[in-house]
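Observations on chain architecture
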There are 2 protein chains.
Amino acid sequence: MRTFVMVSHTVPLEGEFSLSDLPGGAGRLDVLCRAANDAFLISHGIRPAVAFHFVIQDQLTISLWGGRLRHLNPDERSTGALLRQALRTAHDLPLGEERPSTPGITVRRMGLGGLLDDLRAAGNAPLVLDEAGAPLRGARLPERPAFLLSDHRNFTPAEEALLAALPRISVGPVVLQGHQCITLVHNELDLQEVG
Amino acid sequence: MRTFVMVSHTVPLEGEFSLSDLPGGAGRLDVLCRAANDAFLISHGIRPAVAFHFVIQDQLTISLWGGRLRHLNPDERSTGALLRQALRTAHDLPLGEERPSTPGITVRRMGLGGLLDDLRAAGNAPLVLDEAGAPLRGARLPERPAFLLSDHRNFTPAEEALLAALPRISVGPVVLQGHQCITLVHNELDLQEVG
């Protein structure tokens, strides 16, 4: 299982925005859509052994589960519709409860700290994708890695405090977009798996 | 200079489609938009030493030139608008002539064969991205590589005939989407450049 976590600082919690304005009114939801695409989709197929958690404004976690995920298409707009539906599903959701949205997508009233606890309890080993980290290529990675990255903004000081003790991995010498880092992580793991 | 060529089989030449339906009415223009994003855009910046040529239905070539390119944003919809404008600019364009569209984007009435001749004449060495090719990692690449890839469909037999003599490079053991292959090519070249 490969797990990714992206922290979003600007997507509106209420899910009230137009799919024609993902970079504007939707608070850079396009960044999250591309991340989901590259985490799950390959050429004409899906990676089933992937989970993706989007932490929205440290209040809500939208989780996509590869094995059960349906209706995920490569284009940003349709993924935006799935994530918007998840945001709307979370309306009035009590703290700590989980609620299903579309197939393979669930929402929880949970921030980054709670998610990290939850991931560790399930046996996942969190790592931060960071340009100052150790090289990804040839890295000895845990069996159930959970790669954390931020959206178009840096992690906040409060988030950095939660992540301070975690190992850090760098994909290369150029600072890339989040979805590009995810592609590089998958490729490294694919190559390590075939030896 | 790093050059990419993507062959599109389904984008409508006339540029008459809605930006809200890139996967449908626009003939999978979303595939081209993601390829442009990953060829040019890094985190909060652009790669200036990149050129990208989109061959549309073997009749039209839309070229994006990194050093002069303006208005390229990460989201698919805005890139779709740039490519639609280029298609419309090409209306009534005579064979072989070049016409500017938005800054850093030009159109020519030219198919894959003509583009390959043009690239070679300018000193570029074409290579095909192909899952059956030699491994990308550690490959000795030409100084001015031009990486060719297809859209969501395979190359046609006529296209394959044009490409038959070219070296082939594989990014890894999983068959990926085009934009993901571009990210992996850049990363390999980035790492080779820093040694």
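Presented here is a report on the structure given in the accompanying data block. This structure is a prediction, so every number in the text was calculated from the model and none was measured. (Residues numbered from 1 in each chain as written. Chains lettered and ligands numbered in written order. Predicted model: local features only at pLDDT ≥ 70, side-chain atom pairs only at ≥ 80, totals over all residues. Heavy atoms only, no water.)

As for the pairing of strand S1 (residues 2-8) of chain A
Residues and elements named next belong to chain A. Among the seven residues that make up S1, seven are buried, leaving the element largely enclosed by the rest of the structure. As defined by bridge partners, S1 adjoins strand S4 (residues 50-56) across seven bridges and the pair is classed as parallel. Its bridge partner being in S4, Met 6 is matched across the sheet by Phe 54. Looking at chain direction, S1 and strand S9 (residues 145-150) are connected through five bridges and run parallel. Across the sheet, Phe 4 pairs through a bridge with Phe 147, a residue of S9. (Buried < 20%, exposed > 50% of the residue type's maximum accessible area, 1.4 Å probe, protein only. Helix = DSSP H or I, 4+ residues; strand = E, 2+ residues; numbered from the N terminus. Pairing = 2+ DSSP bridges.)

Things to note about the packing of helix H1 (residues 29-40) of chain A against helix H5 (residues 178-194) of chain A
Residue and element names in this part refer to chain A. Where H1 contacts H5, the two axes come as close as 8 Å, and the packing angle between them is 10°. Classified by the angle their axes make, H1 and H5 are roughly parallel. Residues Arg 34, Ala 35, Asp 38 and Ala 39 of H1 form the contact with H5, whose participating residues are His 179, Ile 182, Thr 183 and His 186. Per-class residue counts for the contact of H1 with H5 are three nonpolar, three polar and two charged. (Axes fitted to C-alpha atoms, helices over the stretch in contact; angles between N-to-C directions. Parallel < 35°, antiparallel > 145°, perpendicular 65-115°, else oblique. Contact = heavy atoms within 4.5 Å. Nonpolar A, V, L, I, M, F, W, Y, C, P; charged D, E, K, R; others polar.)

Some remarks on the relation of the copies chain B and chain A
Between chain B and chain A, the superposition needs a rotation of 180° and an axial shift of 0.0 Å, giving an RMSD of 0.0 Å. The transformation just described matches what one would write down for a two-fold rotation axis. The share of interface residues of chain B whose copies in chain A are also at the interface is 100%, consistent with both copies meeting through the same surface. (Least-squares fit on C-alpha atoms with pLDDT ≥ 70 in both.)

Describing the interface of chain B and chain A
Of the residues lining the interface, 34 residues belong to chain B; the matching set on chain A comes to 34 residues. Between chain B and chain A the total buried area reaches about 3,000 Å² when both faces are included, carbon and sulfur atoms providing 53% of it. Here chain B and chain A share two salt bridges between them. One salt bridge in this structure joins Glu 188 of chain A and Arg 137 of chain B, with 2.8 Å as the shortest N-O distance. The interface formed by chain B and chain A includes 23 residue pairs in polar contact (both at pLDDT 80 or more). Secondary-structure elements contributing two or more residues to the side of chain B that touches chain A are helix H1 (29-40), strand S2 (41-42), helix H2 (76-89) and helix H5 (178-194) of chain B. (Buried area = accessible area lost by both parts, 1.4 Å probe. Salt bridge = Lys/Arg side-chain N within 4 Å of Asp/Glu carboxyl O. Polar contact = N/O pair within 3.5 Å; in protein donor to acceptor, adjacent residues only side chain to side chain.)

Points about the environment of Leu 87 of chain B
All names here are of chain B. By the element assignment, Leu 87 lies in helix H2. With relative accessibility at 2%, the residue Leu 87 sits in the buried group. Along the backbone, Leu 87 and Leu 41 are 46 residues apart, and their C-alpha atoms lie at a distance of 22 Å.

Comments concerning unusual backbone geometry
The backbone of Asp 92 of chain A shows a phi angle near 65°, a positive value even though the residue is not glycine. Owing to a relative accessible area of 61%, Asp 92 of chain A belongs among the exposed residues under this scheme. For Gln 57 of chain B, which is not glycine, the phi torsion reads 50° and is therefore positive. Mapped onto the elements of the fold, Gln 57 of chain B is located in the loop between strand S4 (50-56) and strand S5 (60-65). With a relative accessible area of 32%, Gln 57 of chain B lands in the partly exposed category.

Quick look at the sheet that holds strand S7 (residues 105-108) of chain A
Residues and elements named next belong to chain A. Reading across the sheet, the eight strands line up as S6-S7-S5-S4-S1-S9-S8-S10 and stay open at both edges, with mixed pairing between neighbours. In this open sheet, the two edge strands, each paired with only one partner strand, are strand S6 (98-100) and strand S10 (168-170). Between one strand axis and the next, the sheet turns through 30° on average, direction left out of account. Sheet strands touched by H1: S1, S4 and strand S5 (60-65). Its angle to S4, the strand with the most contacts, is close to 165°. In this fold H5 packs onto S1, S4, strand S8 (125-135) and S9, with an angle of close to 170° to the strand it touches most, S1.

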